[in-house]
Amino acid sequence: MAVLVAIDAGTTGVRAVAFDSTNDRIVAMAYRELTQFFPRSGWVEHNPDEIWRLVQETLRETADKLGDLAGQVAGIGITNQRETVVAWDRRTGKVAYNA
């Protein structure tokens, strides 16, 4: 069996889902809610460090749920907020602003 993992970093949360590619069924999944900031009407921002931390947490939980199947991961796909931009300081690697 080959396992495919999808990471969805969306507006309200981060989800990692592992699929059995032979029969297209979900074999493991994890989700974490994302803090939202509303600096102006109609705007929403997120902390990039929190996004990264939640991606790591959901992947770790999904891998734990997969157990021995974690070694069968054949690929990972990522989807995110298409209009989101993250700027960071080249020297320090620290994020400059919310996404």
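Cut-off values and rules
Residues numbered from 1 in each chain as written. Predicted model: local features only at pLDDT ≥ 70, side-chain atom pairs only at ≥ 80, totals over all residues. Heavy atoms only, no water. Patch = residues over 30% accessible without salt bridge, like charges linked within 9 Å, V, L, I, M, F, W, Y side chains within 5 Å. Areas by Shrake-Rupley, 256 points an atom, 1.4 Å probe, with all protein chains shown as cover. Salt bridge = Lys/Arg side-chain N within 4 Å of Asp/Glu carboxyl O. Helix = DSSP H or I, 4+ residues; strand = E, 2+ residues; numbered from the N terminus. Buried < 20%, exposed > 50% of the residue type's maximum accessible area, 1.4 Å probe, protein only. Pairing = 2+ DSSP bridges. Axes fitted to C-alpha atoms, helices over the stretch in contact; angles between N-to-C directions. Contact = heavy atoms within 4.5 Å. Core = buried A, V, L, I, M, F, W, Y, C linked by side-chain atoms within 4.5 Å.

**Student:** I tried to follow a nonpolar patch on the surface on my own but got confused; where do I start?
**Tutor:** Together, Leu4, Phe19, Ile26 and Met29 line one region of the surface with nonpolar side chains, adding up to about 320 Å² of accessible area. Tracing the backbone through its elements, the reader meets phenylalanine 19 in strand S2 (residues 13-20). Classification of phenylalanine 19 as partly exposed rests on a relative accessible area of 30%.

**Student:** Explanation requested: the sheet that holds S2 in the structure shown.
**Tutor:** Backbone-to-backbone hydrogen bonds join strands into a sheet, with any given pair of strands oriented parallel or antiparallel. As summarised here, the arrangement of the four strands in space is S3-S2-S1-S4, forming an open sheet in which the pairing is mixed. Of all strands in the sheet, those bounded by a partner on one side alone are strand S3 (25-33) and strand S4 (73-80). Between one strand and the next, the sheet's axes are offset by a mean angle of 15°, whatever the strand orientation. Of the strands in this sheet, strand S1 (3-9), S2, S3 and S4 are in contact with helix H1 (residues 48-66), which crosses S3 at around 145°.

**Student:** Quick question: what am I supposed to make of the nonpolar core here?
**Tutor:** A general trend in soluble globular proteins is that nonpolar side chains are found buried together. Ile7, Ala9, Val14, Leu34, Ile51, Leu54, Val55 and Ala99 form the largest nonpolar core, which has eight residues in total. Mapped onto this core, the elements with two or more residues apiece are S1 and H1. Counting residues per element, this core draws most heavily on H1, at three residues. Setting aside residues no more than four positions away along its own chain, leucine 54 makes contact with Val14, Arg32, Glu33 and Leu34. Ranked by size, the runner-up nonpolar core spans five residues in total, among them Val3, Ala18, Ala28 and Leu66.

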